[in-house]
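# Remarks on the overall topology
Chain by chain, the residues run as shown.
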Amino acid sequence: MKKIITFIVLLASTLSMQAQKFALVDMDYILKNVPAYERANEQLAQVSKKWQAEVDALTTEAQTLYKNYQNEVVFLSAEQKKAKQDAIMEKEKQAAELKRKYFGPEGELYKKRTSLMSPIQDEIYNAIKDIADLRGYQLVLDRASDAAIIFGSPKIDISNEVLSKLGYSH
């Protein structure tokens, strides 16, 4: 709700100034038509799957150690129980650390996504900025990600022009 109110206030204040020029882009549409983006997504999916398999393998090892411990617990001395429990906890800790290393907020997947996607996003941003500067647009909105846009005329959608500037004709 705050987002919609903020958008309306922004729009009203902008409209009250002068006749401003606006444009829309559909980032989903643009990204679907940029082959480098699709390749980057495929790479991310592959590496994510590989890393998840490594985490799953450690988790499975921990589960197997625990099941074996449960089956043997009645036959173990106190020292042996402690050693097995420690081994289980260590394996669980290794799995959690590996998961955090790969998938945490600053993990390898985040770094990989940033390194693959930033150049593509920068190229798209620069194309949009060049078109906005050339045409005198003061505001370019993304119709794909902003739910506050209820209607946008196709006449002000510059998505195809952005794709053309990037070298992809549509």
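The model shown is predicted, which means the values in this text are computed figures rather than measured ones.

Calculation criteria
Residues numbered from 1 in each chain as written. Predicted model: local features only at pLDDT ≥ 70, side-chain atom pairs only at ≥ 80, totals over all residues. Heavy atoms only, no water. Helix = DSSP H or I, 4+ residues; strand = E, 2+ residues; numbered from the N terminus. Expected span 1.5 Å × (residues − 1). Buried < 20%, exposed > 50% of the residue type's maximum accessible area, 1.4 Å probe, protein only. Contact = heavy atoms within 4.5 Å. Core = buried A, V, L, I, M, F, W, Y, C linked by side-chain atoms within 4.5 Å. Phe/Tyr/Trp six-rings, centres within 6.5 Å; stacked < 30°, edge-to-face > 60°.

On to helix α3 (residues 35-72). Helix length check: α3 (38 residues) gives 55 Å between terminal C-alpha atoms against 56 Å at 1.5 Å per residue, within 8%. By the burial criterion, the buried members of α3 are A40, L44, V47, W51, V55, L58, A62 and Y69. Lining the buried residues of α3 we find α4 (78-103) and α5 (108-135).

A separate point is the nonpolar core. Judged by nonpolar contacts, the single largest core of 29 residues is most densely connected at V25, I30, I120, I124, I158, V162 and L166. Listed by contribution, the elements that provide at least two residues to this core are β1 (22-25), α2 (27-32), α3, α4, α5 and α6 (159-165). Among the elements that line this core, the one with the most residues is α5, at nine residues.

Its location among the elements puts T59 in helix α3. Note on T59: relative accessible area 32%, which makes it partly exposed. Considering only alpha carbons, one finds T59 and A96, 37 residues apart in sequence, at a separation of 8.5 Å.

Applying the stated criterion across every chain, the model contains two aromatic pairs. The interplanar angle of 5° and the centroid separation of 4.5 Å between the aromatic rings of W51 and Y102 together place this pair among those described as stacked. On the criterion of sequence distance, the pair formed by W51 in helix α3 and Y102 in helix α4 is long-range, its members being 51 residues apart. Relative accessible area serves as the criterion here: at 8%, Y102 is assigned to the buried category. Taken together, a centroid distance of 6.3 Å and an interplanar angle of 75° make the contact between Y102 and F103 edge-to-face. Among the aromatic side chains, those forming a connected cluster through ring pairs are W51, Y102 and F103.

These results come straight from atomic positions and should not be treated as a statement about function.
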